[in-house]
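This is what each chain is made of:
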Number of protein chains: 6
Amino acid sequence: MKAKTPSESRATSTHIVLPDDTNTLGNLMGGRLMYWMDVISAVAAHRHCGRVVVTASVNNISFNQPVGLGDFVTVEAKVSRAFGSSMEVFIEVWAEDHKTISKSKCNEAIFTFVAVDQVGNPIDVPELTPQSDIEKQRFDGALRRRQLSLILAGRMKPKDATELKAIFEDLSE
Amino acid sequence: MKAKTPSESRATSTHIVLPDDTNTLGNLMGGRLMYWMDVISAVAAHRHCGRVVVTASVNNISFNQPVGLGDFVTVEAKVSRAFGSSMEVFIEVWAEDHKTISKSKCNEAIFTFVAVDQVGNPIDVPELTPQSDIEKQRFDGALRRRQLSLILAGRMKPKDATELKAIFEDLSE
Amino acid sequence: MKAKTPSESRATSTHIVLPDDTNTLGNLMGGRLMYWMDVISAVAAHRHCGRVVVTASVNNISFNQPVGLGDFVTVEAKVSRAFGSSMEVFIEVWAEDHKTISKSKCNEAIFTFVAVDQVGNPIDVPELTPQSDIEKQRFDGALRRRQLSLILAGRMKPKDATELKAIFEDLSE
Amino acid sequence: MKAKTPSESRATSTHIVLPDDTNTLGNLMGGRLMYWMDVISAVAAHRHCGRVVVTASVNNISFNQPVGLGDFVTVEAKVSRAFGSSMEVFIEVWAEDHKTISKSKCNEAIFTFVAVDQVGNPIDVPELTPQSDIEKQRFDGALRRRQLSLILAGRMKPKDATELKAIFEDLSE
Amino acid sequence: MKAKTPSESRATSTHIVLPDDTNTLGNLMGGRLMYWMDVISAVAAHRHCGRVVVTASVNNISFNQPVGLGDFVTVEAKVSRAFGSSMEVFIEVWAEDHKTISKSKCNEAIFTFVAVDQVGNPIDVPELTPQSDIEKQRFDGALRRRQLSLILAGRMKPKDATELKAIFEDLSE
Amino acid sequence: MKAKTPSESRATSTHIVLPDDTNTLGNLMGGRLMYWMDVISAVAAHRHCGRVVVTASVNNISFNQPVGLGDFVTVEAKVSRAFGSSMEVFIEVWAEDHKTISKSKCNEAIFTFVAVDQVGNPIDVPELTPQSDIEKQRFDGALRRRQLSLILAGRMKPKDATELKAIFEDLSE
């Protein structure tokens, strides 16, 4: 399988925040945004591998900024690294205030998908070759995030997580 | 404000997986489940504090087991710890196969909510007093998760994260 | 087939009233609540018999109390009696005002489901053994309701409806 | 207020049964049909009185005939009698098989609505003058149904329910 | 195949404008109305031919009049002409203000459907015999609209569009 | 007001075709696609003018190619010309087969929006300066489409439609 670039998987979607997307304060509900993230990152993962993909896990998502009724939300997803049958997808979210038209980044999130065949067994996907500086940085971070996940799931011993060491060295000082 | 127990905030919801909830393999989409998680954990957080709550962040969620069309999904949420104006909510998900009626746990997730007043400013919430062993265990874990979040967000120095040290000591061996 | 208790079939769901659930006055629409009732009572009936179930009939439902936007609605269903292939399900609905957090019962309803095989033919279900006083009372009431339904449908002669006599004796005084 | 005829309130709606409207057998769910009934009977009640209306109660509904995916469902509602601030609405449902185009009646239901002012207090509605034989028959039946409701709710003594006597006389033979 | 009349295909649907149907001004969104138009005109086309129908094209639709939240919208569709496997459907839309109950026509639209077999190949449909004056007028107009479509799609030479000539003669004066 | 380019208004959205988006043949319904077109072209029009916009009219849309369940649909909209308070938006739609990942253009459509103030009165929008060849071609075509609309609506005399003459000259030969 030929390696692919992050741009080849890029997928975006723009939504208008409608009444049923909002909470009691009239702002976009976290649950709706996560649904939009899941759909568009599935498109990105599918574009990378051309196979059926299923959501495997979600890493930290922060909701820093309220988004109001009638505002526009753009969700953009790109594969940031591939490991065997799994793909890490990096998601960025921008909000446009419909009164001022000012646009600002309001969220980042990381989802992981697995490519499966028609009976649901995992199958390998193409490797990813990052191009830009930010893509390379996310590609490197993906390995550390994967090691942290494996440790937390009890499937890797901390001492084998070579990539994580640099970060957490001073924890045990 | 009088401290509350996790049981006082308990909220549950049972859903039938309908066609629009499923992906190309006919299984429940991750995005739909996250939407259900967000709603029911908002109810739990609201029951703890009696104020408007907004989703602040989502920690790791793993999707280990496919859930099929027509199956039942029960999502249960309880507040696991309170910190100032924020509440960590622990979510457990069970699936019931509609053919065999066997029930099994398919997901755990942790969401954090913040209580706000009508203009969206954070306001303090009651403390949480865990009762059962598992509630105490989650209460303790919440502090480590909070320190990890603060470090990753660059708002705490690793050496001050006393609770995290025990876990990551062997990382720098 | 081994008899079951009402508790074994118990199913509940909590919803936040969102904009599309409300009428022109900003209160929960009856039609949405009936949809929620139907889904959760189908879960209860399925838990009792482990077979596909279809809605057979709906008895009187009263809507006594308006439920506002942003409030929480909890729908709870338990099988109240089984007759051959049909199950009567008793539904109770509570509303929690999201400003005062006061909780009050706002509805009761009775739905009847039939268990069917994969081509839609009715199949027998386990009997129900009521436990608590209220469950016994509903179990007894179910027979009277069934006789009333059969009479109204012209499938039973009034004089054979022994359970109904006590109630309606004074109608012909 | 000038009395109105049932035809002046007539409201109809035709739906195509889509995937999310169906249960595990691929047939229209009872809960969806009740939602459609509620909306169209609210339109009929509103056309009768020109005021905001809220669902007050639902009488027996029977689901006799499965309706398949892709079939058309037509729901027709007409006010059948008015009592003070409340209106009884008679609903008939037809299904058209999308393969054979044969059309058959699959349900009848009776809903009651109350007209309210902007703060939710009941207000009187025009009287109804039935025209056709079937409308007169439903008009008469409405009184018996109302008496039965009041008795079951403990708000009328059976001996005062003069209209009901004829029907239930033989119950006490 | 026996020719049919426009009345035999007539289909109508009445909707209440709910919050999610509205734009930032609180008025019915064009996109929602087009969805309702598509469903009900598919029913009309299906009633004409008794076969699966797919949307082939949409002609001009004008949105002249805002329709508010809580208002009723009635969409009525009738086949206006049949050509081989395609059917032109004429759609009229009325809005009823829920405060004044005044009813006015707010839109007209023309959709074209094609009848297809189960693999999607076009199949012939019955001819249409217009009855009333307005139906005859639409029947005649359908031929001019068809010629205009064919010219714009480059599939007919303007000089062969005999029906269009009368209208556009003065264009080249 | 400073003139803007088409690129400044560009808006796109990618959707996965889910079960409720499909007709009886399992293909994307025209009505759903029109809803998606309306939302994303409203975003484009809003980006051009920064004001509330309402759908004014829809020109011909053709549905040439069935799009299957699970496929991806990308809708892209750009303002093609501005006239006073109205904006013509050009929409292109691509479908990606989820099995073959082949991508093809499946639709074009033209919507017109009007910018309004908070009480719904039309207000002027910036002019549009086309950049690329295709944008210039659409800019020119917009004038002819506008003249045709005005003539068909009886608001312009054919002899004044100078832009249309070239096209229809041979109609009257």
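These figures come from a predicted structure and were not determined experimentally. (Residues numbered from 1 in each chain as written. Chains lettered and ligands numbered in written order. Predicted model: local features only at pLDDT ≥ 70, side-chain atom pairs only at ≥ 80, totals over all residues. Heavy atoms only, no water.)

1. Here's the deal with the overall build of chain A
Within chain A one finds 4 helices and 6 strands. Listing every helix and strand of chain A by position from the N terminus yields α-β-α-β-β-β-β-β-α-α. When burial is assessed residue by residue, chain A has 61% of its 173 residues classed as buried. Sequence-distant contacts, at least 24 apart, represent 68% of the contacts inside chain A between residues at least 6 apart. Carbon and sulfur atoms make up 48% of the accessible area of chain A, which totals about 7,200 Å². Computed over 20 positive and 22 negative side-chain charges, the inter-centroid distance for chain A is 4 Å. (Helix = DSSP H or I, 4+ residues; strand = E, 2+ residues; numbered from the N terminus. Buried < 20%, exposed > 50% of the residue type's maximum accessible area, 1.4 Å probe, protein only. Contact = heavy atoms within 4.5 Å. Areas by Shrake-Rupley, 256 points an atom, 1.4 Å probe, with all protein chains shown as cover. Lys, Arg positive; Asp, Glu negative; His and termini not counted. Charge placed at Lys NZ, Arg CZ, Asp CG, Glu CD.)

2. So, the side chain of E88 of chain D
Residues and elements named next belong to chain D. Inspection of the secondary structure assignment puts E88 in strand 5 (residues 86–96). Classification of E88 by relative accessible area gives buried; the value is 5%. Reaching out from E88, the side chain makes a polar contact with the side chain of R145 at a distance of 2.8 Å. If we ignore the near neighbours within four places in the chain, the residues touching E88 are K78, V79, S80, R81, I110, F111, T112, R138, A142 and R145. (Polar contact = N/O pair within 3.5 Å; in protein donor to acceptor, adjacent residues only side chain to side chain.)

3. With respect to the packing of helix 2 (residues 30–49) of chain C against helix 2 (residues 30–49) of chain D
It is the contact of helix 2 of chain C with helix 2 of chain D, at a shortest axis distance of 8 Å, that shows an interaxial angle of 170 degrees. Classed by the angle they form, the pair helix 2 of chain C and helix 2 of chain D counts as roughly antiparallel. Side by side, helix 2 of chain C and helix 2 of chain D meet where G30, G31, R32, M34, Y35 and D38 of chain C of the first sit next to G30, G31, R32, M34, Y35 and D38 of chain D of the second. (Axes fitted to C-alpha atoms, helices over the stretch in contact; angles between N-to-C directions. Parallel < 35°, antiparallel > 145°, perpendicular 65-115°, else oblique.)

4. Let's talk about the packing of aromatic side chains
Enumeration over the complete set of coordinates arrives at 6 aromatic pairs over all chains. Ring centres of F111 of chain C and F113 of chain C lie 6.4 Å apart, and the angle between their planes is 15 degrees; this geometry places the pair in the stacked category. Taken as a pair, F111 of chain C and F113 of chain C share a single burial class, namely buried. Taking the ring centre of F83 of chain A as reference, the NZ or CZ of R146 of chain A above it sits at 4.6 Å. Over the ring of F90 of chain B we find R138 of chain B, and its NZ or CZ is 3.9 Å from the ring centre. (Phe/Tyr/Trp six-rings, centres within 6.5 Å; stacked < 30°, edge-to-face > 60°. Lys NZ or Arg CZ within 6 Å of the ring centre and 35° of its normal.)

5. Some remarks on the pattern of salt bridges
Residues and elements named next belong to chain B. In this structure the tally under the stated criterion is 48 salt bridges over all chains. Here R32 makes a salt bridge to D21, at a shortest N to O gap of 2.8 Å. Within this pair, whereas R32 is found in helix 2 (residues 30–49), its partner D21 is found in the loop between strand 1 (11–16) and helix 2, the two being separated by 11 residues in sequence. Residue classification places R32 among the buried residues on the basis of a relative accessible area of 15%. Between K105 and E92 there is a salt bridge, with the nearest N and O atoms lying 2.4 Å from each other. (Salt bridge = Lys/Arg side-chain N within 4 Å of Asp/Glu carboxyl O.)

6. Notes on helix 2 of chain D
All names here are of chain D. Along its 20 residues, helix 2 runs 28 Å from first to last C-alpha, staying within 8% of the 28 Å computed at 1.5 Å per residue. Summarising burial for helix 2: 20 of the 20 residues are buried, a large majority. One or two positions beyond helix 2, positive phi appears at G50, with a value near 70 degrees. (Expected span 1.5 Å × (residues − 1).)

7. Quick word on the side chain of T14 of chain D
Residues and elements named next belong to chain D. As for its placement among the helices and strands, T14 is situated in strand 1 (residues 11–16). Overall, the relative accessible area of 6% leaves T14 in the buried class. A polar contact of 3.0 Å, which involves the side chain of T14, links it to the side chain of T74.

8. Describing the pairing of strand 6 (residues 103–116) of chain D
Residue and element names in this part refer to chain D. Taken across its 14 residues, strand 6 has 10 buried, putting it largely inside the fold. In this structure, strand 2 (residues 52–58) lies alongside strand 6, joined through 6 bridges in antiparallel fashion. When the bridges of strand 6 are listed, T55 appears paired with F113. Bridge analysis of strand 5 against strand 6 gives 11 bridges, and the strand direction is antiparallel. By the bridge assignment for strand 6, E96 is matched with K103. Remark: 6 residues form the turn of the hairpin made by strand 5 and strand 6, two consecutive strands paired antiparallel; I101 in that turn has positive phi of roughly 55 degrees. (Pairing = 2+ DSSP bridges.)

9. Side note on the confidence of the model for chain A
The pLDDT averaged across chain A works out to 89; a share of 92% of its residues lies at or above 70. Model confidence for the complex: the whole-complex pTM is 0.91, and ipTM, which rates the interface, is 0.89. (pLDDT = per-residue confidence, 0-100.)

10. Considering the environment of T129 of chain D
All names here are of chain D. Relative to the assigned elements, T129 resides in the loop between strand 6 and helix 3 (133–152). Considering only alpha carbons, one finds T129 and P6, 123 residues apart in sequence, at a separation of 7.2 Å. Those residues in contact with T129, other than ones at most four positions away along the chain, are A3, K4, T5 and P6.

11. Quick word on the environment of E135 of chain A
Tracing the chain through its elements places E135 of chain A in helix 3 (residues 133–152). Sequence-distant contacts of E135 of chain A, that is, excluding residues within four places in its chain, are made with P6, S7, K78 and P130 of chain A.

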